[in-house]
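Secondary and tertiary structure notes
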Amino acid sequence: MSEQQVHPQLGVGHNAPASLLELYRSLVLIRRCEERLSKMFADGEVPGFIHLSIGQEAVSVGVMAALTPQDTIASTHRGHGHAIAKGLSLDGFFAELLARDTGLCRGRGGSMHVADMSVGMLGANGIVGAGLSIALGSALAHRSQKNGAIAVAFFGDGALAEGLLHECLNMAALWKLPLLFVCENNGWGEFLPTSKQLSFALKDLAAAYKIPHHSIDGNDVATVAEQAERLVVEVRSEGPRVLECLTTRVRGHFEGDTQKYRDADELTALSARDPLRVAAGQLGGMGVDEAALADIASEVEARIEASVAAARAAPPPPFEAAMADVYTTARAMQGGL
């Protein structure tokens, strides 16, 4: 598989074995990348904080399968899956998280701000809900340029009480912007169940702004891909839609969070809804044998090891470049007028 495209943009028929197998390949890639990052973080190789999306991979893979390279996305603090599924270079991704000069943002963004405009990844974001307005602006740009592209705003149920979400829903509805709101509803807002934080449901909020709302099993990648494909067609021609994906947050709010606030039986039960397990079961029912899945796992592991090795060997950003892209000169400003 080409280093330039981590996830192929898949077409119709996600329940066909070949299509589901490619979706499964991307699920495995994201899972193994984050497991590798978890170990590297524990070993002190990854600076800052990381927030893993283990258990939520089907949302990233399924939604991205419905998009074109021209479509744009704005991510969250839990955005590794979005980034990888959108097609970021795996070498550049690992180099960025290890703060290397060969990183996608030359090591300045790290986990919570990784971005690559060349594939439409507008960036992860350390502020809850902050990607919503970025996606809204991108959707407005797409409409103004009449390029046929759409924008996707990912957010969690922990962002439902943010005023910015209300503003973006209202503006998207008023202007009929090509914007797909994707809520990864894992039931948690940091350390507290969202059921104890919110007095309303997302479907009620969407209805208030007259935006069609759809709720699906966010751990079934085939279901996510099929529903996303239908909604993307509608968004391109009619305006905003809300897709709520009911999913599971397996790890803590941040890596290192021991989750003492969660019931042990609940955590044990999560394995039954593991997106990889669900997809593997479906593939088995279609006649795909375990050897084919093992081959995918081996291929993915080899790709990850090669990217990690390249990142480790890369140099850190030079100190003299620390202020690059922060300030500009008056001469440069005049030249751009």
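Scroll up to find the structure.
Attention in this report is confined to the structure presented alongside it. (Residues numbered from 1 in each chain as written. Predicted model: local features only at pLDDT ≥ 70, side-chain atom pairs only at ≥ 80, totals over all residues. Heavy atoms only, no water.)

A full pass over the atoms with the stated rule returns 14 salt bridges. One salt bridge connects Glu-305 with Arg-36, and the closest N-O pair in it is separated by 2.7 Å. Within this pair, whereas Glu-305 is found in helix α11 (residues 290–313), its partner Arg-36 is found in helix α1 (residues 17–42), the two being separated by 269 residues in sequence. On the accessibility criterion, Glu-305 (36% relative accessible area) is partly exposed. Judged by relative accessible area, which is 15%, Arg-36 ranks as buried. Residue Asp-71 pairs with Arg-236 through a salt bridge whose shortest N-O separation is 2.6 Å. Here the residue Asp-71 occupies a position in the loop between α2 (57–64) and β1 (72–74), and Arg-236 occupies one in helix α8 (residues 221–237), the gap between them amounting to 165 residues. Given a relative accessible area of 33%, Arg-236 falls into the partly exposed group. What you see here is one network of salt bridges that share partners, running through Glu-22, Arg-25 and Glu-299. (Salt bridge = Lys/Arg side-chain N within 4 Å of Asp/Glu carboxyl O. Helix = DSSP H or I, 4+ residues; strand = E, 2+ residues; numbered from the N terminus. Buried < 20%, exposed > 50% of the residue type's maximum accessible area, 1.4 Å probe, protein only.)

Attention shifts here to the layout of surface pockets. Of the voids in this model, the largest pocket is the one considered here, and its volume is about 330 Å³. What lines the largest pocket is a set of 26 residues, among which His-77, Val-128, Gly-156, Gly-158 and Ala-159 lie closest to the centre. Looking at the lining of the largest pocket, the elements that each hand over two or more residues are α5 (131–145), β2 (151–156) and β4 (188–189). No other element matches β2, which puts three residues into the lining of the largest pocket. Each residue belonging to the lining of the largest pocket can be placed in one class, and the counts come to eight nonpolar, 13 polar and five charged. Lining the second largest pocket, in full, are Asn-170, Ala-173, Leu-174, Lys-176, Tyr-209, Lys-210, Ile-211, Pro-212, Glu-238, Gly-239, Pro-240 and Arg-241. By residue number, the principal contributor to the lining of the second largest pocket is helix α6 (residues 163–175), which donates three residues. Residues belonging to the lining of the second largest pocket are distributed by class as follows: six nonpolar, two polar and four charged. (1 Å grid on protein atoms, 1.4 Å probe; cavity = no way out; pocket = protein on both sides within 12 Å on 5 of 7 lines; lining within 4 Å. Points joined across faces, edges and corners; volume = space filled by probe spheres on them. Nonpolar A, V, L, I, M, F, W, Y, C, P; charged D, E, K, R; others polar.)

This part takes up helix α4 (residues 90–97). The periodicity of an α-helix, 3.6 residues per turn, causes residues three or four positions apart to be oriented the same way. Among the eight residues that make up α4, seven are buried, leaving the element largely enclosed by the rest of the structure. All of the buried residues in α4 are Leu-90, Gly-92, Phe-93, Phe-94, Ala-95, Glu-96 and Leu-97. Regarding α4, its N-cap is Ser-89, as a side-chain oxygen of that residue lies 3.4 Å from the backbone nitrogen of Asp-91 further along. Downstream of α4 by one or two residues, Ala-99 has phi in the positive range, about 60°. (Polar contact = N/O pair within 3.5 Å; in protein donor to acceptor, adjacent residues only side chain to side chain.)

Okay, α6 next. With 13 residues, α6 extends 19 Å from end C-alpha to end C-alpha; this agrees with the ideal 18 Å at 1.5 Å per step. Residues of α6 that are buried sit in contact with α5, β2, β3 (179–185), α7 (202–208) and β7 (241–246). Among the residues trailing α6, Lys-176 stands out with phi positive, at a value near 50°. (Expected span 1.5 Å × (residues − 1). Contact = heavy atoms within 4.5 Å.)

Turning our attention to the environment of Phe-93. Of note, Phe-93 is situated in helix α4. We classify Phe-93 as buried; its relative accessible area is 0%. Put simply, Phe-93 and Gln-70 are 23 residues apart on the chain and 20 Å apart in space, counted from C-alpha to C-alpha. Residues within four places of Phe-93 in sequence aside, it is in contact with Leu-37, His-80, Ala-83, Ile-84, Leu-104 and Val-114.

Sheet topology note: the strand β6 (residues 213–217)/β7 ladder contains five bridges and is parallel. In the strand pairing of β7, His-213 is matched with Val-242. (Pairing = 2+ DSSP bridges.)

These figures come from the coordinates and say nothing about function on their own.
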